Amino acid sequence: MTLTNVDLGIVAAKLAAVSEEMCLTLQRTSRSLYVKETADFCCAVAGPDGRFVAYPKAIGVSGFVGLDVLETVRAAEVAGPLEPGDVVVANDPYRTGGLATHLPDIQMVAPYFLDGEVVAYGWAFIHCSDIGGRVPSSVSPFNDSIFAEGLRIPPVRLVRGGTTVPDVEALLLANTRTPEANRGDLQAMVSALATGRRRVGEVAAQHGRAAVLEGGESAVARTRERAREALRSLTDGTYRFVDLLDNDAVSQVPVRISVTVTVDDGRIHVDFTGTDPQVAAAFNIASFGRPHAWLTTRVLALIGTIDPDLALNGGLMDLISITAPPGSVVNAVEPAAVGVRHATASRVNDALSGALIQAAPRIVPAASSGVVIPVVLAEETGTGQNVQVVEPMVGGTGGRYGGDGVDGRDAGISNLSNNPVETVEAELGARILRYGLRPDSGGPGTWRGGMGLELVFRVDGTSSLLARGLERQVFAPWGAMGGSPGLTAEIVINEGTDRAVRVRTVDVLPLDPGDVVTIRTPGGGGYCDPFERDVAAVLDDVRRGLVTPERARADYGVAVTDGLTLDETETARLREERPSTGSGRGRARERWDAVFTEDLHDALVEMVGALPVGRRSARKIEVVREVLAVLPAGFPGVDTGDGELEAARRRLGALLGGS
């Protein structure tokens, strides 16, 4: 039977609908708050080659469209070929070729057979509440190897021929602090895969096996062609940008992410040469040096911005190539810890934005908040622990040409939903005192950055707080084209009392009954000169409580009296005397770059790169600490004289063998 383009389009649309229905099945039958409310899960349909041919657009986590299930399938088949009704479970990044990205993300893959041959694979994943390990919720920046992060599940069958393997299920449930929630989520995943099996079978029964195969291949080819046309709108060239994580958890030494993007006739190559080595903490990404989801999300978002109607599938990845040095924080080798890999992925996104904005200044926005902070409470229940995510805290998106950033949303790696306050209070012994936008947090600009969030809650019982991914406390989200940076993040326990404690990095923080936790996330960077922002827009921001009168005056040159009325005369005077603007990267970043220049840091990465992988990060920390020893305490967050910066720069050069 010859299939027309119309036939192929119909089959592709039905397969996309199958992926959406699988997601709905999973979410509606799940048990844990982080799945049923936050929506940290997804499902898809892969072809026999393991690449996704149908991926949902409106439900679940969107960034994993480029993953591949075939390595996981092959690993499971060491114990024998997969049979109809089998379901493979896994969570180990190093045993799945990067399909799993940290241990709480449980993956399942099911073969879909027709006439004795695999016509497709169903895929589902969820972020479970706990998979064992050293800390409740399993994830902490202080974990120094994957062995501390929980139960490692290689690809094994959880279901054989439609029947759950009780020994495997028992092993999984014995290695978690939340067995009943995990049991419910595992069952929900199996149900979602069963939905996919049934629906793919119905498509095959109606259109034939060849139509299912060709429909998937055709969908991938069409997405690839449209994606290339989208990327051809960029200006060809090579563009570099560097961004920083605040620290590596084991020290106060920042972690550098360097990207060099080459745009060439609708294809993109991303080179991470110059990126710091993998760290002895949980910020590493196990990408295997491939165009992995955590290294390409910003490129996929750019393609989707240019062509928002294209179908999501593996065809998006065919135009992206990667250079990621082995042993770097973006291509870590076993047994590196990977639990907080999303923090590094967020900074990869910001670095990619900084490079891509040079190729598409009217499309790519300034830096987003750069954080995803799942705020976890582990409360003592008398019989164990109730471990739940209070909120997946994000910040605002960056301003862009022609539009402000989005308030309280993330444009990076996360399209997670916020948890309803009522649900949180029903699931946990916590009272939400405030959850809203953080005034003045968006970076000033002609188009300002989106506002960050503020969450304040009180715990009723004895609990522990975990807040992985607590970043952007030192280096602010950068502004672009003359825009200013957003505010940095902060977390304070019992703010405004004599027991107030400001926290920098959280492992497991004990809380007493009555303790109040305040978390504020960054706003996005601003775009273009804030003194060119429309006065009426500034006045509207003040009236809505997004910008205070003091910051309207200082940042925008707009004078507002009584919080409502514009002083036109004073505004005209202020705008006439506009201040000079900085680099848009913030004072801390400017001070850091004055010492650790691009060339010197390149030389540092090259020097430590000659060492064995396990020695690289420690040697880098030694060198940086020797340089910081000649600078004021608190650098780069404190004022530093030019002479001190020059002395530190000379010291770094000497340590690297220069003059």
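Residues numbered from 1 in each chain as written. Predicted model: local features only at pLDDT ≥ 70, side-chain atom pairs only at ≥ 80, totals over all residues. Heavy atoms only, no water.

Q: Explain the sheet that holds strand β7 (residues 163-164) to me, please; I cannot follow it from the model alone.
A: The antiparallel open sheet is built from seven strands, whose spatial order is β2-β1-β5-β4-β3-β6-β7. In the strand order of this sheet, the two ends are held by β2 (52-54) and β7, each with one partner. Examined bridge by bridge, strand β1 (residues 41-46) and strand β5 (residues 117-127) share six bridges and lie antiparallel to one another. For A44, the partnering residue across the bridge sits in β5 and is W123. Contacting β3 (87-90), β6 (156-160) and β7, helix α4 (residues 166-174) crosses the sheet at an angle of about 125 degrees to β6. (Pairing = 2+ DSSP bridges. Helix = DSSP H or I, 4+ residues; strand = E, 2+ residues; numbered from the N terminus. Contact = heavy atoms within 4.5 Å. Axes fitted to C-alpha atoms, helices over the stretch in contact; angles between N-to-C directions.)

Q: What is the right way to read the sheet that holds strand β15 (residues 453-459) from this model?
A: By definition, the strands of a sheet pair up through backbone hydrogen bonds, in either a parallel or an antiparallel sense. Reading across the sheet, the five strands line up as β14-β15-β20-β17-β18 and stay open at both edges, with antiparallel pairing between neighbours. The two strands at the open ends of the sheet, each matched to only one other strand, are β14 (430-437) and β18 (501-503). Averaged over all pairs of adjacent strands, the angle between their axes in this sheet comes to 15 degrees, without regard to strand direction.

Q: Even after reading the chapter, I still don't get the environment of V340, so can you show me in this structure?
A: Mapping V340 onto the fold places it in the loop between β11 (320-323) and α8 (341-359). The exposure class of V340 is buried, given its relative accessible area of 0%. For the pair V340 and P141, spaced 199 residues apart in the sequence, the C-alpha separation amounts to 6.0 Å. Ignoring any residue separated from it by four or fewer positions in sequence, one finds V340 in contact with V139, S140, P141, A282, F283, R468 and G469. (Buried < 20%, exposed > 50% of the residue type's maximum accessible area, 1.4 Å probe, protein only.)

Q: Even after reading the chapter, I still don't get helix α1 (residues 5-29), so can you show me in this structure?
A: A rise of 1.5 Å per residue sets the reference length of α1, with its 25 residues, at 36 Å; its end C-alpha atoms lie 36 Å apart and thus fit the reference within 8%. Every buried residue of α1 is accounted for by L8, V11, A12, L15, V18, S19, M22, C23, T25 and L26. (Expected span 1.5 Å × (residues − 1).)

Q: Could you clarify how one ought to interpret the nonpolar core in this entry?
A: For soluble globular proteins, the rule of thumb is that nonpolar side chains tend to be buried together. If you look at the biggest cluster of nonpolar residues, it comprises 141 residues, and the most contacted ones within it are L26, Y55, F64, V69, W123, I268 and F272. No other element matches α8, which puts nine residues into this core. The contacts of V69, once residues within four sequence positions are left out, are A46, G50, F52, L99, V109, Y121 and W123. L377, V394, L453 and V506 belong to the second largest nonpolar core, which has 26 residues in total. (Core = buried A, V, L, I, M, F, W, Y, C linked by side-chain atoms within 4.5 Å.)

Q: Just checking my understanding: could you explain the pairing of strand β12 (residues 373-380) for this structure?
A: Walk down a regular strand and you will see the side chains alternate between the two sheet faces. For β12, a buried count of seven out of eight residues is recorded, marking the element as mostly surrounded by other parts of the structure. Two elements, β12 and strand β13 (residues 385-393), share eight bridges in a ladder whose sense is antiparallel. If you follow V376 over to β13, its bridge partner there is V389. What sits between β12 and β13 in their antiparallel hairpin is a turn of four residues, with G382 showing a positive phi close to 95 degrees.

Q: Any chance you could explain helix α10 (residues 535-543) here in plain terms?
A: In an α-helix, one full turn covers 3.6 residues, which means residues spaced three or four apart are oriented alike. For α10, every residue scored as buried is listed here: V538, L539, D541 and V542. In a view along the axis of α10, the buried residues occupy a sector of 155 degrees, so they form one face of it. Structurally, α10 contributes buried residues whose contacts are with α11 (549-556), β21 (560-561), β22 (565-566) and α12 (568-576). Here α10 starts with a cap whose side-chain oxygen sits 3.2 Å from the backbone nitrogen of A536, and that cap is D534. In the stretch just after α10, G545 is the one whose phi turns positive, near 80 degrees. (Arc of directions from axis to C-beta. Polar contact = N/O pair within 3.5 Å; in protein donor to acceptor, adjacent residues only side chain to side chain.)

Q: For this particular structure, what's the right way to read the pattern of salt bridges?
A: Side chains bearing opposite charge may pair, as long as their charged atoms lie close to each other. In this structure the tally under the stated criterion is 58 salt bridges. In this structure, the salt-bridge partner of K36 is E427, at a minimum N-O distance of 3.6 Å. Here K36, found in helix α2 (residues 33-36), pairs with E427, found in helix α9 (residues 421-427); they are 391 residues apart in sequence, far enough to count as distant. Salt-bridge contacts for R152 lead to E334; the nearest nitrogen and oxygen are separated by 2.7 Å. Placement of the pair is R152 in the loop between β5 and β6 and E334 in the loop between β11 and α8, with a sequence separation of 182 residues. Accessibility expressed as a relative area gives 18% for R152, which makes it buried. Taking the relative accessible area as the measure of exposure, E334 reaches 36% and is therefore partly exposed. Three or more residues are tied together by salt bridges with common partners; here these are D243, R347, D350, E471, R472, R585, R589 and D593. (Salt bridge = Lys/Arg side-chain N within 4 Å of Asp/Glu carboxyl O.)

Q: What should I look at first to understand the packing of aromatic side chains in this one?
A: What describes a pair of aromatic rings is the distance from one ring centre to the other and the angle between the planes of the rings. This model, assessed by the stated rule, comprises 12 aromatic pairs. Measuring from centroid to centroid gives 6.2 Å for Y55 and W123, while their planes differ by 25 degrees, and the two rings are stacked. In this pair, Y55 sits in the loop between β2 and α3 (70-76) while W123 sits in strand β5, placing the two residues 68 residues apart along the sequence. A relative accessible area of 0% means that W123 is categorised as buried. Geometrically, the ring pair formed by F475 and W592 is edge-to-face, given 6.2 Å between the ring centres and 75 degrees between the ring planes. Taken as a pair, F475 in the loop between β16 (463-467) and β17 (490-493) and W592 in helix α13 (residues 587-595) lie far apart in primary sequence, 117 residues in all. Like W592, F475 is buried. Taken together, F52, Y55, F64, W123, F125 and W294 form an aromatic cluster joined through their ring pairs. (Phe/Tyr/Trp six-rings, centres within 6.5 Å; stacked < 30°, edge-to-face > 60°.)

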